[in-house]
Amino acid sequence: MGKEFGLALFLLLLCQRGNTQLQSCPYRCQCFTPVQVLCAETWISSLPRNLSRQVTDFILMTSSVSYLIPNAFENSPQLTKLILMNNVLRSIHSEAFSQLTQLQELEISGNHLLEHLFLGTFSNQGNLIKLFLNYNQFKMMLPGIFDPLKQLETLQMKGNNLSDLPEFLFLKLNNLRVLDLSLNKLTEVKWESLAGLGKLETLKTNYNLISNLTSNIFNNFSQLVELHMEGNKISELADGIFFALTKLEVLNLRGNLLTSFSDNVFGFKASNLKELNLKGNRLAQVSSLSSFTSLTDLILSSNQLSNLPEDIFNNTTMLENLDLSENHLSSLPGTIFQELFSIKTIHLNKNNLSRLEANLFESQLFMQQLYLSDNRLETVPPGLLDPFVMQCTVRLHGNPWKCDCHMFYLHDWVLKNALDIEMLDRVLCDSPNFLQRQTVASINEDQLVCQVSKEGVPDLRGCSLQASNDSVTIKCRVNKSSPMTVKVQFEEDDGRLTEHVLTNKSGPLKCDNETVTESLLE
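**Describing the overall build of the protein**
Working step 1: Scanning the protein from N- to C-terminus turns up 2 helices and 29 strands.
Working step 2: Burial statistics for the protein: of 522 residues in total, 41% are counted as buried.
Working step 3: The long-range fraction of contacts in the protein, counting pairs at least 24 apart against all pairs at least 6 apart in sequence, stands at 53%.
Working step 4: With the model as given, the accessible surface of the protein reaches about 26,600 Å², and the carbon-plus-sulfur share is 49%.

**Some remarks on the pattern of salt bridges**
Working step 1: Summed over all chains, the structure comprises 3 salt bridges.
Working step 2: Residue Glu422 pairs with Arg395 through a salt bridge whose shortest N-O separation is 2.5 Å. A residue pair is termed long-range when its members are at least 10 positions apart, and Glu422 in strand E23 (residues 421–422) and Arg395 in strand E21 (residues 393–395) qualify at 27 residues.
Working step 3: The class for Glu422 is partly exposed, based on a relative accessible area of 27%.

**With respect to the environment of Thr259**
Working step 1: Locating Thr259 in the fold gives a position in the loop between strand E13 (250–252) and strand E14 (260–261).
Working step 2: Taking the relative accessible area as the measure of exposure, Thr259 reaches 42% and is therefore partly exposed.
Working step 3: Here the alpha-carbon distance between Thr259 and Val286, two residues 27 residues apart in the chain, equals 8.8 Å.
Working step 4: Beyond its immediate stretch of four places on either side in the chain, Thr259 contacts Ser235, Arg282, Leu283, Ala284 and Gln285.

**Overview of the environment of Val225**
Working step 1: Its place among the elements puts Val225 in the loop between strand E11 (202–204) and strand E12 (226–228).
Working step 2: In sequence terms Val225 and Glu249 are 24 residues apart; their C-alpha atoms lie 5.3 Å from each other.

**A closer look at the state of the cysteines**
Working step 1: Per the counting criterion, the structure on display carries 4 disulfides.
Working step 2: Bridging Cys403 to Cys429, the disulfide has an S-S length of 2.0 Å. Looking along the S-S bond of the Cys403-Cys429 disulfide, the torsion reads about -90 degrees, which is the left-handed sense. Here Cys429 lies in strand E24 (residues 429–431) and Cys403 lies in the loop between strand E22 (401–402) and helix H2 (408–416), a separation of 26 residues in the sequence.
Working step 3: Of the residues examined, Cys403 reaches a relative accessible area of 0% and is grouped as buried.
Working step 4: Across the disulfide from Cys405 sits Cys450; the S-S distance is 1.7 Å. Note on the Cys405 and Cys450 pair: the S-S dihedral is about -90 degrees, so by sign convention the disulfide is left-handed.

**Describing the packing of aromatic side chains**
Working step 1: Scanning the model with the defined rule gives 9 aromatic pairs in all.
Working step 2: Taking the centre distance of 6.1 Å and the plane angle of 25 degrees together, the rings of Phe313 and Phe337 count as stacked. Of this pair, Phe313 sits in the loop between strand E17 (297–299) and strand E18 (321–323) while Phe337 sits in the loop between E18 and strand E19 (345–347); the two residues are 24 residues apart in sequence, bridging distant segments of the chain. Residues Phe313 and Phe337 agree in their burial class; the two are buried.
Working step 3: Between Phe361 and Phe388, the aromatic rings sit 6.2 Å apart at their centres with planes inclined by 50 degrees, giving tilted as the arrangement. Of this pair, Phe361 sits in the loop between E19 and strand E20 (369–371) while Phe388 is found in the loop between E20 and E21, placing the two residues 27 residues apart along the sequence.
Working step 4: Phe388 sits in the buried class, given a relative accessible area of 12%.
Working step 5: The cationic tip of Arg395 hangs over the ring face of Tyr371; the distance from NZ or CZ to the ring centre is 4.1 Å.

**Looking at the environment of His116**
Working step 1: Structurally, His116 can be placed in the loop between strand E7 (105–109) and strand E8 (130–132).
Working step 2: For His116, a relative accessible area of 37% translates into the label partly exposed.
Working step 3: Sequence separation between His116 and Phe138 is 22 residues, and the spatial gap between their C-alpha atoms is 5.3 Å.

**Here's the deal with unusual backbone geometry**
Working step 1: Cis geometry is adopted by the peptide bond preceding Pro432, which originates at Ser431 and carries an omega value of -5 degrees.
Working step 2: As for its placement among the helices and strands, Pro432 is situated in the loop between E24 and strand E25 (463–468).
Working step 3: Here the phi dihedral of Asn315 falls at roughly 80 degrees; this positive angle occurs in a residue that is not glycine.
Working step 4: Structurally, the position occupied by Asn315 is in the loop between E17 and E18.

**Some points on the layout of surface pockets**
Working step 1: The volume enclosed by the second largest pocket comes to roughly 310 Å³.
Working step 2: As for the second largest pocket, its lining consists of 19 residues, of which Leu47, Pro48, Arg49, Ile69 and Ala72 are closest to the centre.
Working step 3: Residues that form the lining of the second largest pocket fall into these classes: 10 nonpolar, 7 polar and 2 charged.

**With respect to the side chain of Ser363**
Working step 1: Here Ser363 lies in the loop between E19 and E20.
Working step 2: One polar contact links the side chain of Ser363 to the main-chain carbonyl oxygen of Gln338, over a distance of 2.9 Å.
Working step 3: Excluding residues that lie within four positions of it along the chain, Ser363 makes contacts with Phe337, Gln338, Leu340 and Phe341.

**Let's talk about a nonpolar patch on the surface**
Working step 1: The grouping of Leu365, Phe366, Val389 and Met390 at the surface amounts to a nonpolar patch, some 360 Å² of accessible area in total.
Working step 2: Within the fold, Val389 resides in the loop between E20 and E21.
Working step 3: You can call Val389 exposed: its relative accessible area is 57%.

Analysis parameters
- Residues numbered from 1 in each chain as written.
- Predicted model: local features only at pLDDT ≥ 70, side-chain atom pairs only at ≥ 80, totals over all residues.
- Heavy atoms only, no water.
- Helix = DSSP H or I, 4+ residues; strand = E, 2+ residues; numbered from the N terminus.
- Buried < 20%, exposed > 50% of the residue type's maximum accessible area, 1.4 Å probe, protein only.
- Contact = heavy atoms within 4.5 Å.
- Areas by Shrake-Rupley, 256 points an atom, 1.4 Å probe, with all protein chains shown as cover.
- Salt bridge = Lys/Arg side-chain N within 4 Å of Asp/Glu carboxyl O.
- Disulfide = S-S within 2.5 Å.
- Phe/Tyr/Trp six-rings, centres within 6.5 Å; stacked < 30°, edge-to-face > 60°.
- Lys NZ or Arg CZ within 6 Å of the ring centre and 35° of its normal.
- 1 Å grid on protein atoms, 1.4 Å probe; cavity = no way out; pocket = protein on both sides within 12 Å on 5 of 7 lines; lining within 4 Å.
- Points joined across faces, edges and corners; volume = space filled by probe spheres on them.
- Nonpolar A, V, L, I, M, F, W, Y, C, P; charged D, E, K, R; others polar.
- Polar contact = N/O pair within 3.5 Å; in protein donor to acceptor, adjacent residues only side chain to side chain.
- Patch = residues over 30% accessible without salt bridge, like charges linked within 9 Å, V, L, I, M, F, W, Y side chains within 5 Å.

The structure is reproduced here in structure tokens:
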């Protein structure tokens, strides 16, 4: 009897423990810890009502919840993190979050039917630090909706249908550090809406359709560190537009419609700027960048640059990576890189370069990567690649290399540095015809010969050619003061060449008129 009573008591306690656990974790939700709950079931159509008062992090994903009613979270006022992602929310009542006064992070993202938020939605969220409103269908934000969020540091609204921003929309967000407005439909930003963002560190407005910027739009962004405006339709930057951005380190203007760029846009010495990305614009000219004394990365690729000023990089002595690829450059001043002592990478590939000055890289001792591929180079001047004291990766393919007597330097350099040349098998001779399509590394030095022009040929009127059976006789009458060398080359079926050389070495006691004869067997 005692054993049966003990067993019944044990089962009762076990059931009570199970009921306690069931009550603390909502049905078909996951409770990873006592403070974290995840509910991710499509059949869930309403918020769970039995959340434990211990729960601080609640995540609702891929559910069928379509409305948030007033006081929707009245039983969980202790929440500090609320994520509502990829649901089918259509409407959120202005008092849905009224009890969540401790909330620090709120995300409402991925709701393809949610088009607006009511004024007062965030009235009691004075402690909110992060707010994510991404990939919904918001077309506008009401003025004042963010005013209560005085502690907010991060605000993301990317991937919506925002076409306009009301003036002074972010006026009260004095602690904001990150603002992301990318992937919207903005055609023009009334930048007064950004007033008050005195501590903003990162602003992203990329992949919208912003077309113009006025000179005072960034006046309140004195703490801005990163500015991303890629993928818009900006065609012009006013002088001094970035004057107030004294702490800016990264400026990304990639993929716009700029035709020119000048350091006048800063109106001061931009001593903190480290990265400048102007790739994929329509730049036909870039004036001096001498104000950017701390610049380490400069990307000017995929533009329409045909020439560069000789002094463009004066004072940019910290530059480490320079990308000038995919432009229309046909030549470069010999001293254009002379102050770039710290440079490690220069990309000049996919231009129209047909010649290079011998001193072009004389200051680049620590070069690690040099791309000269896909240009119009036939040769390079002796000594061009000698300054590098470290192992340097080089690309030379895609040029019409002329493998003649002017190729000795490059041919020797290629053989000595073959391991550092990327795609060596694509570094091919384009001329002369008998070497065409052969790799530069595979030919012999004695094949590097130049065809003599008619102007350079000596007077051959004193020479005669006689053929008899399988012999050819060349007879030349030469003056001892005009020595002559005769070279005869035989090309075999497999393309190999053999060469025979005879030189007239008339001494001082020789007669003025001496006949030199060479018989060669074919």
